[in-house]
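Listed below, chain by chain, are the residues.
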Amino acid sequence: MRKLAWLCLPVLSLLIGCHGAEEEHHEELPKLEVSTPLIQDMTVTREYVGQIHASRHIELRALERGYLQHIFVDEGQTVTQGQRMFQILPNVYEAELQVTEAEAEVANIEYNNTKLLADENVVSQNELAMAKANLDKAQAQVSLASTHLDFTNIRAPFAGIMDHLEAREGSLLDEGELLTTLSDNSKMWVYFNVPEAEYLNYMSDTDRKDKQHVQLRLANGQVFDQEGVVETIEGEFDHETGNIEFRATFPNPQRLLRHGETGSILMPADYAQALVIPQKATFEILDKKYVYVVNEENQLEQRAIVVAEELPHLYLVSSGLEPTDRILLEGLRRVHDGEEIAVNFHEPQEVIAALDLHAE
């Protein structure tokens, strides 16, 4: 019996040792922070670099050759529709008008005389028709000469702001020479480029019944006090950048915006019941983002996700996660796929609040 007791002692010690090792193994499991995605409606504001253009921006050019006699406006001046801006020396065109008017008067006298003779059957109707044709031609020459004379007075075709003066008084102008540019800035067009994926999301948004409303952030960081509307989309993508151009229209009642400015378009995007996770809960492999999901056995499963929007310290996940999935928040570099951990669970609201962010 003593021998049997002595023989059992090593076995008992071995069992006790194994049990102690198991307890030590369980105690060594890393206890890591875990949470679930935050589910809430969110509005994300996308920002695009924009180029600001006047809705009408034209070049004013000389329609006739001659000396620039007078300039009635100044650079940067606001002009009204029909306002006189430039005067080309009209002497030559005035003389041409006087000549054509005199020729028209002669043609008119000849026509009246021929008509009297035709009424008495002294001349044929063909001669009367020729006299009438000569009169019509002479009157057309008068109209043409009058038009040329009018071209020496250059007036604003619409209300707007003029730019630099490209010629000075006394300059000899050729036909078509640039005088200045004129911008109608009562309404402004802002052009901005949108990536293909975001364009597809925009076009597939069936919940958007009206045109998309946007805002404009100016170069000084302030947001323009008028709201704009996306009205047109370009017909083709830029094959080099993969972008397509949108155009938003903004009213400009105070004439603050001017042609050639830059700014940033702010376009809101609504997400209903979005899945929000901290950026620190993700890692990358070959340009793809992954998280560690904790299964029911508290084992880690590596899972790929697709990010719909990137916010400061947050990601909006479009696929790869379910609302009830538990995700690892810390120690991502110290663990591996299939590893068992001890869970220290935190509510998602607490996790997001700890990031000290304001999420709309």
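**Student:** Looking at this structure, how should I read the packing of aromatic side chains?
**Tutor:** Describing an aromatic ring pair means giving the distance of the ring centres and the angle of the ring planes. Within the structure shown, the criterion is met by eight aromatic pairs. On the basis of an interplanar angle of 85° and a centroid distance of 6.5 Å, the ring pair of Tyr199 and Phe246 is categorised as edge-to-face. Here Tyr199 is found in helix H4 (residues 196-203), whereas its partner Phe246 is found in strand E12 (residues 243-251), with 47 residues between them in sequence. Judged by its relative accessible area of 1%, Phe246 is buried. Arranged with centres 5.2 Å apart and planes meeting at 75°, the rings of Tyr202 and Phe246 form a pair that is edge-to-face. Of this pair, Tyr202 sits in helix H4 while Phe246 is found in strand E12, placing the two residues 44 residues apart along the sequence. The residues Tyr202 and Phe246 share a single accessibility class, namely buried. Following the ring pairs from residue to residue traces out a cluster consisting of Tyr48, Phe192, Tyr199, Tyr202, Phe237 and Phe246. The lysine or arginine in question, Arg56, covers the ring of Phe158, its NZ or CZ lying 4.3 Å from the ring centre. The ring of Trp189 has Arg247 lying over it, and the distance from NZ or CZ to the ring centre is 3.8 Å.

**Student:** Would you mind going over the nonpolar core with me for this structure?
**Tutor:** The tendency in soluble globular proteins is for nonpolar side chains to be buried side by side. Residues Phe192, Leu216, Val230, Phe246, Phe250, Ile265 and Met267 are the most contacted members of the largest nonpolar core, which totals 21 residues. At the level of secondary structure, the elements contributing two or more residues to this core comprise strand E2 (38-61), strand E9 (178-195), H4, strand E10 (213-218), E12 and strand E13 (262-278). Not counting residues within four places of it along the chain, the set of residues in contact with Val230 comprises Phe192, Tyr202, Lys211, Gln212, Val214, Phe246, Arg247, Ala248 and Met267. By size, the runner-up hydrophobic cluster in this structure holds 18 residues, among which are Ala62, Ile71, Val79 and Ile88.

About the cut-offs
- Residues numbered from 1 in each chain as written.
- Predicted model: local features only at pLDDT ≥ 70, side-chain atom pairs only at ≥ 80, totals over all residues.
- Heavy atoms only, no water.
- Phe/Tyr/Trp six-rings, centres within 6.5 Å; stacked < 30°, edge-to-face > 60°.
- Helix = DSSP H or I, 4+ residues; strand = E, 2+ residues; numbered from the N terminus.
- Buried < 20%, exposed > 50% of the residue type's maximum accessible area, 1.4 Å probe, protein only.
- Lys NZ or Arg CZ within 6 Å of the ring centre and 35° of its normal.
- Core = buried A, V, L, I, M, F, W, Y, C linked by side-chain atoms within 4.5 Å.
- Contact = heavy atoms within 4.5 Å.

The analysis is restricted to geometry; functional conclusions fall outside its scope.
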